[in-house]
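Structural overview for review
Okay, here's what each chain looks like letter by letter:
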Amino acid sequence: MRMNALLVGGSGQIGIATARALLSAGADVTVAHRGGRPLPADLRDHVTEATLDRGDADALRTLARGRDLVLDCVAFGPADAEPYASLVSDLASLVVISTASVYLGTNGAWMDAATGDDDFPRFPVPITEQHPIVSADVDGYSPQKAALERALLGIDGLPVTILRPGAIHGPGSPALREWYFIKRALDGRRRVPLVDRGESRFSTTATAVIAELARLAGEHPGRRVLNAVDDPVPTVLEIGQAVFAHLGHTAEFELLPRGAGGPESTVGRTPWAVPVPVVLSMQAAVDELGYRPPGSHRSTIGPAIDDMIAAIGDGDWRERFPALAQRYGADDWFDYEAEDALLGG
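Note that this is a predicted model, so its numbers are computed, not measured.

Next up on the list: the sheet that holds strand S3 (residues 48-51). Strand order in the open sheet formed by 7 strands is S3-S2-S1-S4-S5-S6-S10, with parallel pairing between adjacent strands. The two strands at the open ends of the sheet, each matched to only one other strand, are S3 and strand S10 (224-228). Within the sheet, the average angular offset between the axes of one strand and its neighbour, ignoring direction, is 20 degrees. Strand direction decides the pairing type here: strand S4 (residues 69-72) and strand S5 (residues 94-97), joined by 3 bridges, are parallel. Within S5, the position partnered with Val70 by the bridge is Leu94. The sheet strands contacting helix H3 (residues 57-64) are strand S1 (4-8), strand S2 (28-33), S3 and S4, and the helix crosses S1 at an angle near 155 degrees. Strand contacts of helix H6 (residues 207-219): S4, S5, strand S6 (160-165) and S10, with the helix running at about 165 degrees to S6, the strand carrying the most contacts.

Here it is as structure tokens:
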């Protein structure tokens, strides 16, 4: 029997990837979104679209009732779990997107609260789903996502799979961190500095990974929390090599120690340059769902790169991807004058 799936907030990067994966598997797919972002052309004639305000609990329940799979891409805080309490027996499998940043460091810190290297959370390698998560009742992305998880798991009998992705990449991304390398290739930079000698690891997540896990959770309903990351986790150097290889760009990586250029310098500090590894285990997904990676970071990053370059075209990358500058501080990534001064170039 064909799977009947609903994707809530489905016009974003996760929903688009999941819609494509489910259609390939023969599912009937409804994409619910606010209507402000059109779907890619390859999906429009093959899915059903529904306009939905995620805050309208009654409308959400009406759309979700009777589905084999509901993927909620936009649930944020504990209140967003409430509409599902009355659907325990009326949907087969619910998948909700959380975040790897819910994990609590062994030093009592979490990522939202970190201001620098000294108070950055410390983790075991790898991090399993049994590791403690943030419990503080405070505002912030990570605490609210952790509270959402607790609220969902507190609904008795709800068949929910909670996914914890890392740094997400894929076509349609609002903040493709790989722009750190893409722009350097487009600008013809031949020397690229990397702090931590390029060895930093912060788990990345292809949207294809999330899509595959969502598909499997639809086929194997249950109550579980699963990490959702690329496996193996690439180093920063490997990310740069993958981007340059896709773009046919040749450059020399200058592998620098942390602190090169002084404590205030941003030279070589990529979006993944964390002071300690943040590496999530995927063993639970293998054991629970028989998960097999749809590809490595290197094999899945190409479409995201092409999509970003096409989206920018001849325009200003800051206007097309404002989150890069506003949220991730990308304006500080491209101080070529400082790079040349440090490298003697």
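This part covers helix H1 (residues 13-24). Relative to the 16 Å expected for 12 residues at 1.5 Å per residue, H1 spans 17 Å between its end C-alpha atoms, a close match to the ideal helical length. Positive backbone phi, approximately 90 degrees, marks Gly26, located one or two places after H1.

Most peptide bonds adopt trans geometry, and most residues besides glycine take a negative phi value. A cis amide bond links Val125 to the next residue, Pro126, at an omega of 0 degrees. By the secondary structure assignment, Pro126 is in the loop between S5 and helix H4 (141-153). The phi angle at Arg197 is positive, at roughly 55 degrees, despite the residue not being glycine. Inspection of the secondary structure assignment puts Arg197 in the loop between strand S8 (191-194) and strand S9 (204-206). In this structure Arg197 comes out as partly exposed when scored by relative accessible area, which is 45%.

Let us now look at the packing of H1 against H6. Viewed as axis vectors pointing N to C, H1 and H6 meet at an angle of 55 degrees, and their least axial separation amounts to 8 Å. Classed by the angle they form, the pair H1 and H6 counts as oblique. Of the two possible hands of crossing, H1 and H6 adopt the one that is right-handed. Residues Gln13, Ile14, Ala17, Thr18, Ala21 and Leu22 of H1 touch H6, and the partners they reach there are Thr207, Ala208, Ile210, Ala211, Ala214 and Arg215.

Now for the layout of surface pockets. Of the pockets and cavities examined, the second largest pocket occupies roughly 330 Å³. Ile16, Arg37, Gly172, Asp307 and Arg320 are, among the 19 residues lining the second largest pocket, the residues nearest its centre. For the lining of the second largest pocket, the elements supplying multiple residues, two or more each, are H1 and helix H10 (302-312). Along the lines of polarity and charge, the residues of the lining of the second largest pocket split into 10 nonpolar, 5 polar and 4 charged.

Another point: the pattern of salt bridges. For the structure on display, the rule yields 20 salt bridges. Linking Asp58 and Arg61 is a salt bridge whose minimum nitrogen-to-oxygen distance equals 2.6 Å. Placement of both Asp58 and Arg61 in helix H3 is noted, with a separation of 3 residues, approximately one turn of the helix. The residue Arg224 makes a salt bridge to Glu288 at a minimum N-O spacing of 2.9 Å. In this pair, Arg224 is assigned in strand S10 and Glu288 in helix H8 (residues 283-289), connecting sequence segments 64 residues apart. Note on Arg224: relative accessible area 8%, which makes it buried. On the basis of relative accessibility, which here comes to 45%, the residue Glu288 falls in the partly exposed class. A cluster of three or more residues bridged by salt bridges with shared partners is formed by Asp117, Asp196, Arg258 and Arg269.

So, about the nonpolar core. Within the largest apolar cluster, 80 residues are counted, with the highest numbers of intra-cluster contacts made by Trp179, Phe181, Leu213, Val278 and Leu324. For this core, the element with the most residues is H6, which contributes 6 residues. When neighbours within four sequence positions are excluded, Val278 is seen to be in contact with Met111, Phe120, Phe123, Ile127, Arg201, Phe202 and Ser203. Core analysis: the second largest hydrophobic core is formed by 23 residues, Leu6, Leu52, Ala75 and Val160 among them.

With respect to the element layout, Thr300 can be found in helix H9 (residues 297-300). Put simply, Thr300 and Gly116 are 184 residues apart on the chain and 31 Å apart in space, counted from C-alpha to C-alpha. Discounting chain neighbours no more than four positions away, the residues touching Thr300 are His169, Ala206 and Gly295. A polar atom in the side chain of Thr300 sits 2.9 Å from the backbone oxygen of Ser296.

Rules used throughout
Residues numbered from 1 in each chain as written. Predicted model: local features only at pLDDT ≥ 70, side-chain atom pairs only at ≥ 80, totals over all residues. Heavy atoms only, no water. Pairing = 2+ DSSP bridges. Helix = DSSP H or I, 4+ residues; strand = E, 2+ residues; numbered from the N terminus. Axes fitted to C-alpha atoms, helices over the stretch in contact; angles between N-to-C directions. Contact = heavy atoms within 4.5 Å. Expected span 1.5 Å × (residues − 1). Buried < 20%, exposed > 50% of the residue type's maximum accessible area, 1.4 Å probe, protein only. Parallel < 35°, antiparallel > 145°, perpendicular 65-115°, else oblique. Left-handed = near helix turned anticlockwise from the far one by under 90°. 1 Å grid on protein atoms, 1.4 Å probe; cavity = no way out; pocket = protein on both sides within 12 Å on 5 of 7 lines; lining within 4 Å. Points joined across faces, edges and corners; volume = space filled by probe spheres on them. Nonpolar A, V, L, I, M, F, W, Y, C, P; charged D, E, K, R; others polar. Salt bridge = Lys/Arg side-chain N within 4 Å of Asp/Glu carboxyl O. Core = buried A, V, L, I, M, F, W, Y, C linked by side-chain atoms within 4.5 Å. Polar contact = N/O pair within 3.5 Å; in protein donor to acceptor, adjacent residues only side chain to side chain.

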